[in-house]
Amino acid sequence: MLRHRLRIFNVGVDGRVRLVLEGALTARDRVGVQDFVLLENFNSEAAFIENLRRRFTENLIYTYMGSVLVSVNPYKDLEIYSPQHMERYRGVSYYEISPHIYALSDNTYRAMKTSRRDQCILISGESGAGKTEASKKILLYYAVSCPAHQRMASLRDCLLQSTPVLEAFGNAKTLRNDNSSRFGKYMDIQFDFRGVPVGAHILNYLLEKSRVVHQNHGERNYHVFYQLLEGGTEEQLLHLHLDRNPQKYLYLVKGNCPRVSSMNDKNGWKALVKALSVIGFTEGEVQELLDVIGSVLHLGNTQFGEEEDGQTYVTTEMELKTLTQLLGVDGAALTEALTHKKLTANGEEMISPLTFEQAGAARDALAQAVYGRTFTWLVEKINQSLALDGSSVIGLLDIYGFEVFQHNSFEQFCINYCSEKLQQLFIELTLRSEQEEYETEGVAWEPVQYFDNKVICDLIEEKHKGIISILDEECVRPGEACDLSFLEKLEDTLGGHAHFVTHKLANGKTRRVLGREEFRLLHYAGEVNYTVTGFLDKNNDTLYRSLKEVMCQSTNHIVEHCFRRGELVDQKRPEMAATQFKNSLTKLMETLMSKEPSYVRCIKPNDAKQPGRFDEVLVRHQVKYLGLMENLRVRRAGFAYRRHFEAFLQRYKPLCPETWPVWQGELAEGVSTLVQYLGYKPEEYKMGRYLVLSEYPVPEEIGVIVIQAAWRGMKARRRARRRRDAADLIRRLIKGFIHRHEEYGPDNDYFLDHVRCSFLKTLRRNLPRSVLDKSWPTPPPALTQASEELRQLNMRNMVRKFCLAILPEWRKQMDQKVVASELFRGQKDSYPPSVAALFLGTRLGDEHINLKVVQTLGSEKVQYGVSVIKYDRRGFKPRPRQLLLTGSAIILVEKTKIKQRIDYDALRGISVSRLSDGILVLHVLCEDNKQKADLVLLCDHVIEVVTKVAMMANKVDQVNVSQGSIRFSAARSKEGVVDFTRGPELKVAKGKHGHLLVIIVNDSSKSCIDLNECVHLFPFRPPGRCDSKE
Ligand SMILES: Nc1ncnc2c1ncn2[C@@H]1O[C@H](COP(=O)(O)OP(=O)(O)O)[C@@H](O)[C@H]1O
Ligand SMILES: [Mg+2]
């Protein structure tokens, strides 16, 4: 699909243009051709102008010529500059939608973003052709449609509001244009890496100062004066001692048209006041600014008289008083300075009176100086409000256009010189360099002839021989230099130059239309006659030292700022006005050359400033001198698209599988592969040594650019975001650390959470692995309680697992041991040594129990058997017996005979001593006749036996560990007693009072065994992972 998009338009046989991608265009937009490159008859000037005219009558004022935008001033509001229009042009291909200044703005912006190269937009055309309007539209587009931050909103406002301020102070009505810019303006708009406008800087060029004191017929002074008188409040005017009627001010009536119907000074004033406040002028500053404007008007009304002795004096005392008030200077000093000049001769200061004419000139010079310097101060002030450096720049040049009046003076000379320079730049960048490149590239090429105005530029600016040099020389020459002597010097030096004529040098026909004090320059845009009157003064641009001294003392801060004391001390002669201008233009050209240019060529359709009128002669003239036809021929014959191999390949390689992602071979070969893949025919492209030249531009918007830009943008954004997040994180951690001992809250939540989380993670890795492992990481203070709970939980869990892992037989063993422990632990001396020994399932194997006994028991199974000694109730004779436990009874067996059976129900209790003996007494219910009496037994495994009996009979709570003797019921309701005592050797025998005496050997075995040790006694099945060490 991308390949299809490469062919954007076709020219049909009927000369009509068919756009492949014309979906966005309405039928109306398709009047004529949108791009002059598509004109079939591209050599015909008539066809060119006809195309302009046809579109103009349909209100289609914009037409492309390749990447140049041609604009015709409509002199009416077209309603094509709304935010919706801006939206429509954003990010859209040049050719997809009808030509517009927004398209050019957007393209330039995108070029800046993608190529990271500084851009500039050069707007040219004669006075009134629409340059300033175009520059305002571009500025508006950037201010409104570029991405912006909240805090950039104020920058946007300042940017937009700088225009009304500069226009009020720097624009005036001329014969050519009701809102003519009388200064040059170059503005750098700065963008950051994301394309957000972050700042701007304005450079101003040579304000036409003479307008402050004089205007040609039909023209006005600067707008601000009229706006103040029309819009200022009563109080303001009262304070300034001003009258609303502009007719009363001599500086405002020279052109005899203080009021113009097309201009609304009141609105202008409102806009100015608002703009000043938005930009950040304080009330004090605004007041001082008004004082300066008022003072200029009063200065204009300051008149002089001449005494009989030739002395000059000020006749308008009242004006002077107001003037001194407004300027904040000393009245006497100002009067003196207006009528006298100071001279320094041989180091001595001399005061010499001024003639009547000189005093008038000094006054005018002061008015111009005050106004001119205040204008520069204004620009500085605006710059302060816009200052911020970005990473890329779009420069916007709106500078004076070529202009011709009845009388043309030094100002027109400078303005037209500037026009010549811009034309030079245009030629250099579009006509000359391109053609030269084809030549050096060895591309077959038929050169297009064009008029190179370099010869005129040289005529004006060449060192020693140029007009400016001659003018400067004449200004500093000792002796009687005057404007006419300057003219003579010009004639001497430049006589014979093809572009220079004077009355003296001209032939008859020209001589008739040239005054004796005039010289004519044949500019690229037409002939202009300049009157030399005032050239020297204006170039000298001097203000008497005494006036400067007075101004330096001013209490008005603006005036004080504008007239620096240093200026008085500086002995070096400042550069002359024309040379200063020349130097600033040279610098400007360098600035523009360093950037990638786009062009807007403005055309004025008629001289009457009227909508709908298309004056063909006028337009033809402009088309001619702007070199548009030549430009078109180079465009047509040449190749719309030129790039170095490397740049081309780099940019478009993703469009071809063979060149993506990396082309390994020769650059030229890669380019050739790519171009062929894109479907270009051999005649459509040429390859020189370094360039690929294709007849149709590969639209920048196609995938690759978008992808590349988006990808780079995304990467950069992601990187920036990551860095910002990391910095935030570190900051939060540090803050949290500082506040770590405080309550949990926004200051430390992140830090505390982090500490908790990392404790839990550490804990997870270092959990104790067995019930015996007592290690546990130290918790942070905030987690002490939770940590303890977790520790217990973990222990319970391990214990549970441990228990589950024990085998059934060992569980039984454990159960019994637990019961034994409950019964005997700390109670009976023989318990501790018994802990280590396992309880056996039985201590009499089947072979030891007599078969008869088994048969007698029948279905009753013997579950436990042990050998015991039974002591008779009478005489305590010891008798060996077997004690058997079945499911329901205790059976006492003598070899083959069952001697006694005690059902568990009949078992009343079991008694043992607290010592280490093996005596146990089974207490039996006596009412049962079958039962003889309680049984006194001796057994080696008393702990085991008692535990088993108690458990099987379910009589655990009936086991008694007796602290002293054990009483038992003997036969026939008699009571027997077993006494216990310690002695040298073990003995069980009849003692005193018919008691059974048990003598126990002192035993030093442990009194207590640690449960932990017991644990080792019990083998268990490995329960998962918490076993490995065990
Ligand atoms: N695009 C436009 N739409 C409407 N009116 C325009 C346009 N361009 C110029 N004009 C009119 O022409 C006048 C002169 O334009 P301006 O830009 O001041 O000329 P320049 O700066 O070239 O001398 C403006 O005041 C305005 O009335
Ligand atoms: Mg202008």
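Fair warning: this is a prediction, and the values are worked out from it, not measured in the lab.

(A) Region of the structure containing the coordination of the magnesium ion (ligand 2). The protein atoms that coordinate the magnesium ion (ligand 2) are Thr132 (OG1) and Ser181 (OG), at distances spanning 1.9 to 2.2 Å. In this pair, Thr132 sits in helix H5 (residues 131-145) while Ser181 sits in strand S7 (residues 180-181), placing the two residues 49 residues apart along the sequence. As far as burial versus exposure is concerned, Thr132 and Ser181 are alike and both buried.

(B) Representation of the packing of helix H2 (residues 45-57) against helix H25 (residues 616-625) in the model. Two elements in contact, H2 and H25, have axes whose closest approach is 11 Å; the angle formed by their N-to-C orientations is 115°. Along this stretch, H2 crosses H25, giving a crossing that reads as right-handed. Touching Glu45, Phe48, Ile49, Leu52 and Arg53 of H2 are Glu616, Val619, Arg620, Val623 and Lys624, all from H25. Among the residues forming the contact of H2 with H25, the class breakdown is five nonpolar, no polar and five charged.

(C) Region of interest: H5. Taking 1.5 Å as the rise per residue, H5 with 15 residues should run 21 Å; its terminal C-alpha atoms sit 21 Å apart, in good agreement. In terms of burial, H5 is a largely internal element, eleven of the 15 residues being buried. Within the span of H5, buried status applies to Lys131, Thr132, Ala134, Ser135, Lys137, Ile138, Leu139, Tyr141, Tyr142, Ala143 and Ser145.

(D) Structural detail: the packing of aromatic side chains. Following the criterion strictly, the structure yields 29 aromatic pairs and no others. Where Phe426 meets Tyr599, the ring centres are 4.8 Å apart and the plane angle is 85°; that geometry is what we call edge-to-face. Of this pair, Phe426 sits in helix H15 (residues 410-440) while Tyr599 sits in strand S18 (residues 596-603); the two residues are 173 residues apart in sequence, bridging distant segments of the chain. Tyr599 matches Phe426 in its accessibility class, with the two residues each being buried.

(E) Local environment of the confidence of the model for the protein chain. Counting all residues, the mean pLDDT for the protein chain is 86, and 90% of those residues have values of 70 or more. Every residue in residues 1-24 scores below 50 in pLDDT, and together they form 54 contacts with partners more than four places removed in sequence or on other chains. Contacts from residues 1004-1030, a stretch scored under 50 in pLDDT, to residues over four places away or in other chains number 43 contacts.

(F) Here's a closer look at the side chain of Glu288. Mapped onto the elements of the fold, Glu288 is located in helix H11 (residues 283-300). Buried charge Glu288 goes without a salt bridge, the closest partner of opposite sign being Lys381 at 9.8 Å. Apart from residues lying up to four places away in sequence, Glu288 is in contact with Thr555, Asn556, His557 and Ile558.

(G) Fine view of the nonpolar core. Residues Phe169 and Phe519 are the most contacted members of the largest nonpolar core, which totals 179 residues. If one sorts the elements of this core by residue count, helix H14 (residues 356-386) sits on top with 13 residues. In contact with Phe169, not counting residues within four places along its chain, are Leu207, Tyr222, Val224, Leu272, Leu289, Ile293, Tyr371, Phe375 and Leu378. Formed by 35 residues, the second largest nonpolar core is a distinct cluster that contains Val835, Tyr904, Leu920 and Val945.

(H) Region of interest: the environment of Val977. Relative to the assigned elements, Val977 resides in strand S31 (residues 975-983). Considering only alpha carbons, one finds Val977 and Arg967, ten residues apart in sequence, at a separation of 4.5 Å. Those residues within four positions of Val977 in sequence are excluded, and the remaining contacts are Phe876, Ser965, Ile966, Arg967, Phe968, His995 and Leu996.

(I) Inspection of the pattern of salt bridges at higher detail. Enumeration according to the criterion identifies 49 salt bridges in this entry. Measuring nitrogen to oxygen at the nearest pair gives 2.6 Å for the salt bridge that ties Glu549 to Lys342. Of the two residues, Glu549 is situated in helix H21 (residues 545-552) and Lys342 in strand S12 (residues 340-345); the sequence distance between them amounts to 207 residues. Residue class for Lys342 comes out partly exposed when judged on its relative accessible area of 26%. One salt bridge connects Glu474 with Arg477, and the closest N-O pair in it is separated by 2.7 Å. Three or more residues joined by partner-sharing salt bridges are found here, namely Arg182, Glu208, Arg211, Glu219 and Glu403.

(J) Region of interest: the UniProt feature "binding site: ATP" (unreviewed entry) in the protein chain. The sites that UniProt annotates as "binding site: ATP" (unreviewed entry) are Gly125, Glu126, Ser127, Gly128, Ala129, Gly130, Lys131 and Thr132. Inspection of the secondary structure puts Glu126 in the loop between strand S5 (119-124) and H5. Each residue touching Glu126, except ones within four places of it in the same chain, is listed here: Lys131, Gly401, Phe402, Cys602, Lys604, Gln622 and Tyr625. The residue Gly130 is located in the loop between S5 and H5 in this model. For Gly130, the residues in contact, after removing those within four places along its chain, are Asn73 and Cys602.

Cut-offs and rules
- The residue count restarts for each chain, going from 1 along the sequence in the order it is written.
- Chains and ligands are labelled sequentially in the order written, the chains with letters from A and the ligands with numbers from 1.
- Under the rules for a predicted model, residues below a pLDDT of 70 receive no local features and side-chain atom pairs below 80 are neither given nor counted, while totals for whole chains, interfaces and linings still include all residues.
- Think of the side-chain values as coming from all heavy atoms in the structure, minus any hydrogens and water.
- Each metal's donors comprise the N, O and S atoms found within 2.8 Å of it (within 3.2 Å for Na, K or Ca). Water is not part of the atom list, so some coordination spheres may appear incomplete.
- Each helix is a run of H or I in the DSSP string that is no shorter than four residues. Each strand is a run of E no shorter than two, and both are numbered from the N terminus.
- Partly exposed describes any residue whose relative accessible area lies between the buried limit of under 20% and the exposed limit of over 50%, with all areas from a 1.4 Å probe on protein chains only and scaled to the type maximum.
- The axes are straight lines fitted to the C-alpha atoms, using for helices just the contacting stretch, and the angles between their N-to-C directions are given from 0 to 180°.
- Crossing handedness follows the turn of the near helix against the far one: under a right angle anticlockwise gives a left-handed crossing, and clockwise gives a right-handed one.
- Contacts were defined at the residue level, with two residues in contact if any of their heavy atoms lie within 4.5 Å.
- Put simply, Ala, Val, Leu, Ile, Met, Phe, Trp, Tyr, Cys and Pro go in the nonpolar bin, Asp, Glu, Lys and Arg in the charged bin, and everything else, Gly too, in the polar bin.
- A helix is expected to span 1.5 Å multiplied by its residue count minus one.
- Pairs were defined over the aromatic rings of Phe, Tyr and Trp, the Trp ring being its six-membered one, requiring ring centres within 6.5 Å. Orientation was assigned from the angle between planes: stacked under 30 degrees, edge-to-face over 60, tilted for the rest.
- pLDDT measures the predictor's confidence residue by residue and takes values from 0 up to 100.
- A positive count includes Lys and Arg, and a negative count includes Asp and Glu. His and the chain ends are not counted in either.
- Any Lys or Arg side-chain nitrogen found within 4 Å of a carboxyl oxygen on Asp or Glu counts as a salt bridge.
- In plain words, nonpolar cores are sets of buried Ala, Val, Leu, Ile, Met, Phe, Trp, Tyr and Cys residues tied together by side-chain atoms within 4.5 Å.
- UniProt positions are given in the numbering used here, feature names are shortened, and annotations may be inferred rather than shown by experiment.

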